[in-house]
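Structural overview
Each chain is listed here by its residues.
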Amino acid sequence: MSKTAESEGALETRGIEPVPESERTARTRELFPTWVAANISVLLLTMGASLVVTYKLNFWQALVVAFAAPIVSYGLVGLIGIAGKRGGAPGMALSRAVFGQRGNLLPGSLIWVARWGWETINAVTGAYAVLTVLDILFGVKSNDVLVIVTLLLFVVTTFVISGLGINAVQKCNKYATYLFGLFSVLVLVYLIANTDWTRVFDQPAGKMSLMVAGIGLIAAGGVSWIPSSPDFTRYLPRTASSVAIVRNSVGGAGIVVLPMVLMGAVMAVSTPDLASAADPVSFLGEILPLWIAVPYLLIALVGMLLINSMSMYSAGFTAQTLGFKVPRHWAVSINALISLIFGGILMLVATSFMGSFIAFLSLLAVAFSAWVGVFGADMLRRKEYDAEALVDTTRTSAYWYKGGFSPAAVASWAIGLIGGLMFTTSDWFTGPLAANNPIGEYGLGWVATIVISGLLYVVLPKPAVAAPSAVCDEEERETLAV
């Protein structure tokens, strides 16, 4: 990250305003541990098990899914992340250039709300990890009071890390990557030595449609990071390699997603209940020996903390773009409170964690994909962003367009969102076009969303791209003021 006081201090105070050139000294290789940490979650084990138990795929099909999913989703993360080095601002701030100052409130609000669910899922998983460790080590059984206490501790810790800012998040990501890699190797060696591989390879192949749908299931987590990807590239200099941004995004995610999904698929052969467990964590205490299970759970707990910290870090920017006139670290507290409330409901009231999680993922991917289609298509024609116009929310902004809206972007986003939902199936919602066609059958509603919104934006008449004003350093601003 930047070596300036702004990013090296204990608390990052910079908000949605573009980063001055003097502070943009990050390196693309720092994205690798960022996206490793974003995937340190035992939920990948459970989703890998779902490929075998629910989707009826064999080992080789699960391998294809685990290999393809991060390439698809984090390839998009990397591509959209290029906008961060171009504009030096968070993703939802750059989005103002596309949708207009008022129009951006529409996708911004939906993405912000969707993040509540993602952060709630991770907070609940982290709390279950703590409860499982307490049960394994001390025989302490879960109860309602303990559930709330562990959830509260998780959310507060997340708030502290994300509130500190990018430097704290990046440092935690680096060390978590090393620890997680070490214990993942131990788990992998244990599974290799103790798995009945004849049963694993004797599994019959499943339907091709379910294999494609499985790619969408695993990719949905990565899709949720796409609007946030510029948040982690805005400290890169304009000369940073775009290829390296994509390569490190895919590589960092893939090195975690591939083995964890396969480990979950292998575990499910001998423990099919894994895919429908009451919680997504306790099974590790039954499958793995104590000396591996406890440290692995603790590392997974750290991973979930980092995932939520990264998500809340970005959510703080989103809240600011929606008009919350508070510093970023206080904007984060809004999401922290919401994840605490929703997390308590999910842990104390919901009867099926995985059912709720998979249903949420299918709708989450569509919600984020509508923005991805429009913003991605706009990147093809917009190579720079006007720093002054991004933070000017009045009628004088170059991004005010028509009444604060870009009609082409807003219309493309709305139609793409509705179109994608019509092809989507979940336990909570089934679209009218979700059956009797390849898009619905193969679980490609989120892909249809990107295509519909992107193509519409390309063909609709759009405001001309204004020549951007230069992004000047704070020192230059002071000089100009004098």
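Read on for an overview of the structure. For clarity, every value in this text was computed on a predicted model and none was experimentally measured. (Residues numbered from 1 in each chain as written. Predicted model: local features only at pLDDT ≥ 70, side-chain atom pairs only at ≥ 80, totals over all residues. Heavy atoms only, no water.)

For the rest of this paragraph, the subject is the packing of aromatic side chains. Applying the stated criterion across every chain yields a total of 12 aromatic pairs. Between W35 and W225 the ring centres are 5.7 Å apart and the planes differ by 70°, which places this aromatic pair in the edge-to-face class. With a gap of 190 residues between them, W35 in helix 2 (residues 31–37) and W225 in the loop between helix 11 (208–223) and helix 12 (242–270) connect regions that are remote in the sequence. There is no split in this pair, since W35 and W225 are both buried. Ring plane angle 70° and centroid distance 6.3 Å describe the contact between W116 and F342, whose orientation is recorded as edge-to-face. Linking W116 in helix 7 (residues 105–138) with F342 in helix 15 (residues 328–348), this pair joins segments that are 226 residues apart in sequence. (Phe/Tyr/Trp six-rings, centres within 6.5 Å; stacked < 30°, edge-to-face > 60°. Helix = DSSP H or I, 4+ residues; strand = E, 2+ residues; numbered from the N terminus. Buried < 20%, exposed > 50% of the residue type's maximum accessible area, 1.4 Å probe, protein only.)

Of note in the backbone geometry, K56 takes a positive phi value of approximately 60° without being a glycine. Here the phi dihedral of Y401 falls at roughly 55°; this positive angle occurs in a residue that is not glycine. Tracing the sequence through the fold places Y401 in the loop between helix 17 (387–391) and helix 18 (407–422).

Turning our eyes to something else, we now look at helix 3 (residues 43–53). Among the 11 residues that make up helix 3, 10 are buried, leaving the element largely enclosed by the rest of the structure. Turning to helix 3, its buried residues are L43, L44, L45, T46, M47, G48, A49, S50, L51 and V52.

So, about the environment of G216. Inspection of the secondary structure puts G216 in helix 11. A C-alpha to C-alpha distance of 7.1 Å links G216 and L444, two positions 228 residues apart in sequence.

What follows is about the side chain of S209. Tracing the backbone shows S209 in helix 11. Not counting residues up to four positions away in its chain, the partners in contact with S209 are E441 and Y442. (Contact = heavy atoms within 4.5 Å.)

On to the environment of A387, then. By the element assignment, A387 lies in helix 17. Residue classification places A387 among the buried residues on the basis of a relative accessible area of 7%. Residues A387 and V19, 368 residues apart in the sequence, show an inter-C-alpha distance of 9.2 Å.

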